[in-house]
Structure formats: structure tokens, C-alpha cells
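Commentary on secondary and tertiary structure
Listed below, chain by chain, are the residues.
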Amino acid sequence: MAAKQKRKLEELSLDEFMLSGFESADEGESEEEAPAKNGLKKKKDLKAAALKTNTGKKGTASQHKEELSRLRNKDPEFYKFLEDNDKSLLNFDDTDSSEDEDEKKYHKLPSALEEADSDDEDGEEGQKSSRKSKKGIDVIKVTDKMIEDWNAALNKEPTPRLFRDITQAFKAAVATTKGEGGALCRYKVADSSVFNALVLFCIKDIYAALQKMLNLKLEKGQKKLVLPSSSQKWQRNQIDIKMYLSGVVQLLSCLTESTVISAVLRHANQLVPYYLCLPKQCRHLVKQLMKQWSTGEETSRVLAFLALNKICRHKQDVYLNPILKQMYISYVQNCKFTSPNALPMINFMQRTLTEMYALDTQASYQHAFIYIRQLAIHLRNAMTMKKKETYQSVYNWQYIHCLYLWCRVLSTLYPSDVLQPLIYPLCQVIIGTIKLVPTSRYYPLRMHCCRALTLLSSSTNTFVPVLPFLLEIFQQVDFNKKPGRMSKKPINFAVILKLNKINLMEKAYKEGLIDQLYDLILEYFHTQANSIGFPELALPTIIQLKAFLKECKVANYSKPVRQLLEKVQENSSYITAQRQKAAFGVADAAAVVAWEKKIQEEGTPLTRYYTQWKKLREKEIQLEISGKERMEDLDLPEIKRRKIQEKKAEDKKEFKDLFESDSDSDEENGGLKFKGKKSSRAADDDDDDDDDDEDLSDMSDDEGMEGGDSDEDDDGEEEEGDEKASKAPKPLSSSALIKLAEGDEDVVEDLELSDED
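Residues numbered from 1 in each chain as written. Predicted model: local features only at pLDDT ≥ 70, side-chain atom pairs only at ≥ 80, totals over all residues. Heavy atoms only, no water.

**Things to note about the overall build of the protein**
To be explicit about the condition: Every helix listed is a DSSP run of H or I at least four residues long, and every strand listed is a run of E at least two residues long, numbered separately from the N terminus. Only protein chains enter the accessibility calculation, which uses a 1.4 Å probe; a residue is then buried when its area is under 20% of its type maximum, exposed when over 50%, and partly exposed in between.
Each helix and strand counted, the protein has 36 helices and 2 strands in total. Within the protein, the proportion of its 757 residues that are buried is 39%.

**A short note on the pattern of salt bridges**
Between side chains of opposite charge, pairing is possible as soon as their charged atoms come close. Where we set the bar: Only one rule defines a salt bridge in this text: a Lys or Arg side-chain nitrogen within 4 Å of an Asp or Glu carboxyl oxygen.
Under the defined criterion, the tally for this structure stands at 8 salt bridges. One salt bridge in this structure joins Lys-507 and Glu-511, with 3.9 Å as the shortest N-O distance. Of the two residues, Lys-507 and Glu-511 are both situated in helix α25 (residues 507-527); the distance of 4 residues between them amounts to about one turn of the helix. Since its relative accessible area comes to 29%, Lys-507 is described here as partly exposed. One salt-bridge network, held together by shared partners, links Arg-161, Asp-165 and Arg-186.

**A word on the packing of α25 against helix α26 (residues 534-551)**
To be explicit about the condition: The angle between two axes is taken between their N-to-C directions and runs from 0 to 180 degrees, where each axis is a line fitted to C-alpha atoms and a helix contributes only its stretch in contact. Any angle that falls under 35 degrees is termed roughly parallel, while one over 145 is termed roughly antiparallel, one within 65 to 115 roughly perpendicular, and all others oblique. Two helices that cross are described as forming a left-handed crossing if the nearer one is turned anticlockwise from the farther one by less than a right angle, and a right-handed crossing if clockwise. Contact criterion: two residues are considered in contact whenever any of their non-hydrogen atoms come within 4.5 Å of each other. Each residue gets one of three labels, nonpolar for Ala, Val, Leu, Ile, Met, Phe, Trp, Tyr, Cys and Pro, charged for Asp, Glu, Lys and Arg, and polar for the others, Gly among them.
Contact geometry for α25 and α26: axes closest at 12 Å, N-to-C directions at 160°. By the angle between their axes, α25 is roughly antiparallel relative to α26. Helix-helix and strand crossings are classified by hand; for α25 and α26 the assignment is left-handed. Contact with α25, carried on its side by Ile-514, Tyr-524 and Phe-525, involves Phe-534, Leu-537, Ala-538, Thr-541 and Phe-548 of α26 and no other residues of that element. For the contact of α25 with α26, the class distribution of residues is 7 nonpolar, 1 polar and no charged.

**A short note on the environment of Arg-446**
Defined as follows: Pairs of N or O atoms are called polar contacts if they sit within 3.5 Å, as long as, within protein, a hydrogen donor faces a hydrogen acceptor (for residues adjacent in sequence, only side-chain-to-side-chain pairs).
In this structure, Arg-446 sits in helix α22 (residues 443-460). Given the relative accessible area of 3%, Arg-446 is considered buried. Taking the C-alpha atoms as reference points, Arg-446 and Phe-469, 23 residues apart in sequence, are found 7.9 Å from one another. Once residues lying within four places of it in the same chain are set aside, the contact partners of Arg-446 are Ile-434, Pro-438, Phe-469, Glu-472 and Ile-473. A polar contact of 3.1 Å, which involves the side chain of Arg-446, links it to the side chain of Glu-472.

**Things to note about the side chain of Thr-433**
Take Thr-433: it is sitting in helix α21 (residues 423-436). Residue classification places Thr-433 among the buried positions, given a relative accessible area of 0%. The residues contacting Thr-433, other than those within four sequence positions of it, are Leu-379, Val-394, Tyr-395, Tyr-399, Ile-400, Leu-403, Leu-445 and Cys-449.

**Quick notes on the packing of aromatic side chains**
Stated precisely, the cut-off is as follows: Aromatic contacts are taken between Phe, Tyr and Trp rings whose centres are within 6.5 Å, Trp giving its six-membered ring; a plane angle under 30 degrees counts as stacked, one over 60 as edge-to-face, and the others as tilted.
The full count for this structure, using the stated rule, is 18 aromatic pairs. For the pair Tyr-207 and Tyr-274, a centre-to-centre distance of 6.5 Å together with 85° between the ring planes defines the contact as edge-to-face. Here Tyr-207 is found in helix α10 (residues 192-213), whereas its partner Tyr-274 is found in helix α13 (residues 272-276), with 67 residues between them in sequence. Given a relative accessible area of 0%, Tyr-274 falls into the buried group.

**As for α22**
Rules: An expected span of 1.5 Å times one less than the residue number is assigned to each helix.
The terminal C-alpha atoms of α22, which comprises 18 residues, lie 26 Å apart, in line with the 26 Å expected from a rise of 1.5 Å per residue. Among the 18 residues in α22, 14 count as buried, and that is most of the element.

**A closer look at the side chain of Ser-294**
By secondary structure assignment, the location of Ser-294 is in helix α14 (residues 279-295). By relative accessible area, Ser-294 is classed as buried at 8%. A distance of 3.0 Å separates a polar atom in the side chain of Ser-294 from the backbone oxygen of Met-290.

**Quick notes on the confidence of the model for the protein**
Just so we agree on the cut-off: Scored from 0 to 100, pLDDT reflects the predictor's confidence in each residue.
Confidence in the prediction for the protein averages 76 pLDDT; 66% of positions are at 70 or higher. Across residues 94-109 the pLDDT falls below 50, and counting only partners more than four positions away or on other chains, this stretch makes 8 contacts in the model. Contacts from residues 628-643, a stretch scored under 50 in pLDDT, to residues over four places away or in other chains number 2 contacts.

**Overview of unusual backbone geometry**
The linkage connecting Tyr-414 with the following residue, Pro-415, adopts the cis geometry, with an omega of -5°. Unlike most non-glycine residues, Asn-461 shows phi in positive territory, near 55°. With respect to the element layout, Asn-461 can be found in the loop between α22 and α23 (467-476). Since its relative accessible area comes to 67%, Asn-461 is described here as exposed.

Shown next as C-alpha cells:
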């Protein structure tokens, strides 16, 4: 019975034992069973105490051993019971304590430090590296032979395993461009020739192999883009394709050679469907494409734009709005400075950005509304605050190019019911820009605004009053007045917004102004040449041009204006004659539109003349851009100064005593100082650079439309310079110098008298 009870109690836990109800021997048990039960109870209590000692750490192993020895004297019956049934509690050893368990669990610091041999440390590190090498993959060096084998196998039958090997080798090659050396890759590319061969192989053959491997063969005549994610094999190869696409973007970010960049961009353009299936890689690609579109070479810009356009066309809802915003910001940043070299790039960005806006007129309206409103706010602040800073926020290249961009966008997307309401506010902003500072120094800016308005008016069939701003210049500038100075080179109105005071005095200023007025008036009349109301439109211009020809006496200015007047009158007479043959009234709008269309198809005298003039004008512009080549064609006379210097040296030797006291600066001027008209002009040249930043802050009426009193000030300076020149000693003739060398006293007296005068 005792053995049976023992097995039953051992199966129960300590808590179950406490709840089992065996707490006393008074419940009908025999006397033989009671001691056994009490012994089992004490045994469980002892085990609990031992467990508490080991886990709670309220006692140590030695204390527990002493308690067991005292138990022998205190309760020999129970001790004997333990000897018979469970000797493991009595045979308690120090090694069974919880301290050993703690030592195994936590590292214990030694009492003294021991010096370790370096050989042992190296051995341990070698063991660790050997463990890593067993876990990792051995690095394989890529060779030309390996690339040839890959190429042959890929052309024969592309497999996922083969594509994975090529992708990992390509990743290792791209990693070398940033100094990573392909440490985390299975392959290693250490030779530049191998790098070039591998990249060239991937650019040429990977796309076709991917299409074949995923069974994505595009049929002829199929225009719809097929996404690779529709293939059944996409999930199996997605990781390797993602790795390869990331490598292409990383390679594109590291390249500097324009030809290589163009090749990689062509490859990226092929892979656009794959990028569209992976949003993260596509965002990285868009970032690099934006960089190439705004800062790359000409070919790179075109290829980057084609890729961006392809991305936006096939996923407008995701990429169109952020790409349009980023492209507009890049355009504004690139328009900060304008030069003959930068102008083609700015025009390219305008055209390509306009094409992007044409993809979705709803999105274009939102962008155009926000940015045109922003331009209007800058103009309003400049008109109300009238400070130099607010004027400069409007009169700069970025503002003007933005106005021209939106004129091009609205003109290209016409007719559009969505964008039609933006034409009027844009015209008002441009007209307000012209009227903000209507001085002669900002005539170039006025020309740019008039050109933008002409483009908008002709493309949208909207009447915009451009001619008054051009004809006003004929009244404000006095073309009969002789120029104050000769110009070194013609003024290029296409790349300037502002003229300085010296430019207003030059001959090239008025010549360039006449050319610009001729071009703009002719271009505007060409857009209205087939209009039924052309005679009434041209009448104020004809009257004003005739008045100008009566007043202007300079043939160089009156000749082009007279030619322009003749062409306008000829076209006006032609429209009047055709209008008299019409059998409909003015109120019949449909008949008027049909009549104008017929006149446009037949052609007018002004349109025929404009076509010929435009060809000649484009050739002249090309010559102006390549002015260096034009200068090489001219046979300029050579100026030989060696003989003059030799003669001067001979004079110095002959009259050494006379020129001993002269300074070096006097020797350069022949020993005499002159201060007159030319020197004052040179001083004006130096001082004029400081006057360029004064105009926006000084808006007084004294400046006038012709530069204010600058001419009078120059006359005063000339008179003052002439007085100083008259007081300067006059150069002596050769006969006087000979007499002076011989010691003639009369000449010396005359020299002294002239000095006193």
C-alpha cells in the first residue's frame, strides 16, 4: 500500500498534493500506512525547501547539507524512510547547487588576467572565418570567357538560373563604380575590360532574353503596353529582375561619359514596362531621368524625356502629377540665367514640358492655375509695394520664361474647354508686367512679353492689343538724335532684359530697336493677315508709321519702316478688295469664318512676304549665334606696331636727356598726358557698371524715357575735359626739339610761357 501511494503521489504536482486531502492519518488508515504517508509529506516539504533554496537563493548548498545531518538526530524514523526510498536527497553534493547553474548561465570574470598567445587568437579568427566561408558562397572572378559563354547560352535558351548568374555578376560590376568592390556578391569584377564587356553584353541582350524567358513577345501592330507582371513566370524571376533594374539605375547615377549615358538610357527606355511593375525601382529611375532631362547633354535629354513620357502615358494616375511638378521646378531652376548657348536648352525644356502637359488637360489646368496665380501675386506685390526687391521678383529671366511657357502650353493645347478660362488672366499678367516699369531701359523685356502675347493671340484666335506697346516706342525714342558713342558689337535683344545707360547712348541700340520693332509688328500682322477686319486693325499703325517717316531723317531707320508700311498697306488693300466681293453680312459668323479660311488657303501679299523674310531672318540668327565663324571669314587688316616702337626707341636714344624725368606711364603715352573726351568716356565706362543696379529703385520722372539727363551730363563732362586738354602742354614739333637739344633759349622761353598759360 505504501509503494502504491508513493507512485500516486509522485505523479501529482506539489500543488495537487496539497489539495489531495492527505493531511492526517486519522481518516481510517492503518498505523503502518500513517508513517509512510507522513514520510512522503515530509519528503515533499523537503523537496520544496530544496527547490526554494536553489531558485530563491535564500540558502546555500552547505546549509542544506547541515539541515540533513540534523534531521538524522531529530527524526531518525523519517531519515531511515529516506534511506530506504530516496537516497538522492541524502547524497547531496556541492556540485548540484544553483551556483554552478549560474556559472554556466553567466560568464564569471577571472580573478587574474592571463596573457593569451597571438597564435591562439589567430587560430580562433581562422576558425571563425572558416565557419563564415562554410556558410557563405565562394567568390568567383568574372572573365571574358565567362561572358562569352553566358552570351551564347542566353541567345540559345535563357533560363532563370542563367539570368540569376548574369544579374549577380552585373550587380558586382555596378558595385565597383561606388567603391564597394562587390564584397556581398557571388561574383567579382576586377578588370575594366571585363566591366565594359559585361555592361555592353547586358545592355544589348538582356531585354530580348527577358522577353523570351517570360514569353512576352509583342506582336506586330500591337500598340498596347504588355506588363511583365502578367506573365506566369513573373513571380519566380521577380527578385532577380528587381536586382537587375536597381543595378541599371545605380549605373546611370555613376556615369559621366555622354555616349555611355545615352546607351544606358536607351536600355532603360526598353525596360520601362518592368519598372512600372516595381514602384520603388520606378521612383529611383524617375529621379535619374529627371536629372538627365534637366542637366544632361542634348541626346541624353531627349532619351530621358522619352522615358518619362512613356512612364506617364501608361501610369498617369500614379506618376503624372509628381513628374509634372518636378519638371516645372527643374525648368524654373534652369531659366535663372539666359545666354545664346543656354537658349536652345530652355526652348527644348519648354516644348517637352508642354508635351507632358498635353497628356492630361485636367491635371494641366490644376498646375497652370496654381503657377499663373503665383505669377500674378508677384506682380501685384510689385505694383502695390513699389520696392526694388518686389520689382526684381518680376523683372527677371525666371518670371519671363514662365510667362512664355504658359503661353506655349495654352497655345499648343487649344482648343480646350478646360484651359480656355486661363487665357484672359495670363494676358492680364503679361500686360501688367509691361506696364510695371515702362522705361526705355526695359525695352528688351517688353519685346519678350509682346512676342509671348503674339504667340498666344495667334494660336487661340483671341484678340490681344499688342501693337500699342510697340508703336509707343516710336514716340518715346528720338531716332534723329546722333548716338553719343560708337558700339563695339550689336546688342542681342534675345538674351537681355535690361539696357544700361551706356547702351542707350550707343548706335547699336537704335539699330537693334528698329530691327526688333520691324520683326514684331510684321509677325503680329502676319497672324492677322487673313482676318476680315485687317484694314481697320492696320489703320492706326499706318497713321503712326507715316508720322514717324515724316519726322525721322536717318535713312538707316526710315528705310525698314517704309518697307513695313508698304507691305501692310498692300495687304490692307487686298483684303478690302476681296471683302467688297463678299455677298454676306458681318453678322453671319459662319460665313465670315469660311471666308477667312478661303483667304488663308489662297494666301495674302503679307503672308507670302513673311515666308521669304522668315527664312532670311533665321539665317541671320544662325550667323549671330555662330559669330565666331563669321569673324573668321572677314579679312581684317593687320596692325603692325613694331615700327612705331622702334622709332620711339630711336627717339629716346637721341633725346635721352629730355625724357629722363618721364615716368613709365608717360612713356607709354609718348611722354605726354592727355585728358579730354576719350578719357572721360573711359571713365564713364568704368562707372556705368555700378549704375546697372540703380534703375529699379530710382523710378523718378527725371530719368525720362531716353535715359534722363545722361546726355547733358556727358556734354558737361566733355566741355570740362576739353578745358583740361587745352591747359595741357602741346607736343613739340621735330624742329623745335632739335633747337631745344642745341640749346636755343627762345624755344625754352616759349615752352615756359605755354606752361604758364
